[in-house]
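# Structure assessment
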Amino acid sequence: MARVQLRRGEERRIKKGHPWVYRTEIETIKGACQPGEIVIVEDYRGRFIGRGYINPASMITVRLLTYSRDEEIDTAFWQRRLAAALDYRRKVLANTGADAYRLVFGEADFLPGLIVDKFGPCLVIQTLALGIDRYKDTIVQILDEIIQPDAIYERNDAPVRELEGLELRSGFLKGSFDPQVVIRENGLKFCVDLVAGQKTGYFLDQRENRAALHPFVKDARVLDCFCHTGGFSIHAAHYGAREVLGLDISGEAIAMAHRNAALNGYSDLCSFKEANVFDALREMERRGEKFDVVILDPPAFVKARKALEGAIRGYKEINLRAMRILTPGGFLVTCSCSYYMPEDLFIEIIQEASLDARRRLRLLARGGQAPDHPVLLGYDESRYLKCLFLQVI
């Protein structure tokens, strides 16, 4: 087995729990290895750190799978890891009634590059790195044994695969199904398109934040910006809003939002409009429209550190506009799903927007990603979702 020796001092971050070895941290690779093979990682003195799979073509050259010298990467290894992931979800979601959740969250489940989402009786899988892709057949076989799903679908159409030298592909790995599956979340029903929907079909990470709307929307007029397929909108209607308007730039998402409102009996309370949210907020401000609650759940404005400056402008703009159309004492629920936007900076942006809007803010609650998207300490990239509940005065 080839050995990857780190440069002096580069082992500190990895020993603190970060599972990636970058190309710039490597002093030398001793022995021959093929891309995707398991290698040993050592510090500059040759002391064992862990084992992981290698991809010399990637800036993330090694992704660590184990820190135990005695743990072999064999079928039993994958069985233990996947069984542990399932056991964790059964514990943390035991009282939620959810039949859709993230079963495997990559590095946070010590399975780097692997995403598995469960939607009712179906699984959707993504293998986003070369090393994990080599074990896909074994992983699918084990998932089939321990979950016994009706079908398993591969959504390996994420562009990040191209950075790993992998082709983009999608299709059934087991069985077949109607791609539009109905799931349950917080007592509500949502239709999810597992084949054509964003990511693996639905944003499962906002489950608890949607439920946290409950105290704020009774008898309220609610604006849900970037509403996607209506998750926050339909929760707001369910919790007593008198009127809900959802905006999204995707016509397909808006059509599904209409369907989800009807599925739950809220077509009379919820309306949806295909619109550019930035333009719509400016127009609403110009017309003097007012809402009691505004929800901002935009896509990731910053997918790389170099895009941070533009993202700051985007977050400030939408929050400023939202504050200006809120009634006095109204509530703003504002989110960022970008790892490169740390929470302290996000709060600073919101504060600057409030100064420009001449509003005062009270921070009522902070939310993050649902517990089936666990945060691994030492691996900051696993903590990405921020959700602030604010009163605008």
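Rules used in this analysis
- For every chain, the first residue of the written sequence is number 1, and numbering continues from 1 along that sequence.
- Totals for whole chains, interfaces and linings use every residue, but because this is a predicted model, local features are given only for residues with pLDDT of at least 70 and side-chain atom pairs only at 80 or more, for both listing and counting.
- Each side-chain value is derived from all of the structure's non-hydrogen atoms; neither hydrogens nor water enter the calculation.
- Patches were defined on residues exceeding 30% relative accessible area and lacking a salt bridge, with like-charge contacts within 9 Å and nonpolar side-chain contacts (Val, Leu, Ile, Met, Phe, Trp, Tyr) within 5 Å.
- Working definition of accessibility: Shrake-Rupley area with a 1.4 Å probe, residue cover restricted to the visible protein chains.
- Note on definitions: salt bridges are taken to be side-chain nitrogens of Lys or Arg within 4 Å of carboxyl oxygens of Asp or Glu.
- Only four residue types enter the charge count, namely Lys and Arg as positive and Asp and Glu as negative; His and the chain termini do not.
- For charged residues, the charge sits on one atom: NZ in Lys, CZ in Arg, CG in Asp, CD in Glu.
- Here a helix means four or more residues in a row that DSSP labels H or I, a strand means two or more in a row labelled E, and each is numbered from the N terminus.
- Burial here depends on accessible area, computed with a 1.4 Å probe over protein chains only, as a share of the maximum for the residue type. Under 20% is buried, over 50% is exposed, and the range in between is partly exposed.
- For every element, the axis is a line fit to its C-alpha atoms; helices are fit only across the contacting stretch, and the angle between N-to-C directions ranges from 0 to 180 degrees.
- An angle counts as roughly parallel when it lies under 35 degrees, as roughly antiparallel when it exceeds 145, as roughly perpendicular when it falls between 65 and 115, and as oblique in every other case.
- Whether a crossing is left-handed or right-handed is set by the direction in which the near helix is turned from the far one by less than a right angle, anticlockwise for left-handed and clockwise for right-handed.
- The contact rule is simple, with two residues in contact once any of their heavy atoms fall within 4.5 Å.
- Only when DSSP finds a minimum of two bridges between them are two strands counted as paired.
- N or O atoms within 3.5 Å of each other form a polar contact, as long as, within protein, one can give a hydrogen and the other can take it, and as long as residues adjacent in sequence are counted only when both atoms are side-chain atoms.

## Section: a positive patch on the surface
Taken together, Arg8, Arg12, Lys16 and Arg45 make up a surface patch of like positive charges. Structurally, the position occupied by lysine 16 is in the loop between α1 (11–15) and β2 (20–22).

## Describing the pattern of salt bridges
Following the criterion strictly, the structure yields 36 salt bridges and no others. Residues lysine 174 and aspartate 144 are paired through a salt bridge, measuring 2.7 Å at the closest nitrogen-oxygen approach. Of this pair, lysine 174 sits in strand β11 (residues 169–174) while aspartate 144 is found in helix α4 (residues 136–147), placing the two residues 30 residues apart along the sequence. A residue is classified by how much of its surface remains accessible, and lysine 174, at 26% relative accessible area, is partly exposed. Looking at aspartate 144, the relative accessible area reads 28%, which means it is partly exposed. In this structure, a network of salt bridges that share partners links the residues Asp133, Lys136, Glu154, Arg161, Glu167 and Arg169.

## Here we look at the packing of helix α2 (residues 75–92) against α4
At a minimum axis separation of 10 Å, α2 and α4 run at an interaxial angle of 45 degrees. In terms of orientation, α2 lies oblique with respect to α4. Handedness of the crossing formed by α2 with α4: right-handed. Mapping the contact onto sequence places Thr75, Trp78, Gln79, Leu82, Ala83 and Leu86 in α2 and Thr138, Ile139, Ile142, Leu143, Glu145, Ile146 and Ile147 in α4.

## Section: the pairing of strand β13 (residues 188–193)
Within β13, 5 of the 6 residues are buried, which leaves it mostly tucked inside the rest of the structure. In the sheet, strand β12 (residues 180–185) pairs with β13 via 6 bridges, with the strands oriented antiparallel. Each bridged residue has a counterpart across the sheet, and for glutamine 180 the counterpart in β13 is aspartate 193. Between the antiparallel neighbours β12 and β13 lie 2 residues, among them asparagine 186 with a positive phi of about 50 degrees.

## What to know about the sheet that holds strand β5 (residues 48–54)
Spatial strand order, β2-β6-β5-β4-β1-β3: 6 strands in an open sheet with mixed pairing. In this open sheet, the two edge strands, each paired with only one partner strand, are β2 and β3 (26–30). Ignoring strand direction, the axes of neighbouring strands in this sheet form an average angle of 35 degrees. Inspection of the sheet shows β2 paired to strand β6 (residues 60–66) by 3 bridges, in the antiparallel sense. The partner of valine 21 across the bridge, within β6, is valine 62.

## A short note on the side chain of lysine 386
Mapped onto the elements of the fold, lysine 386 is located in strand β20 (residues 386–392). The buried charged residue lysine 386 lacks any salt bridge partner; its closest oppositely charged side chain belongs to glutamate 343, at an N-O distance of 7.7 Å. Of the polar contacts made by the side chain of lysine 386, one reaches the backbone oxygen of serine 338; its length is 2.6 Å. Polar side-chain contacts of lysine 386 include one of 2.6 Å to the backbone oxygen of methionine 341. Apart from the residues within four sequence positions on either side, lysine 386 is in contact with Thr334, Cys335, Ser336, Ser338, Tyr339, Met341, Glu343, Phe346 and Gly367.

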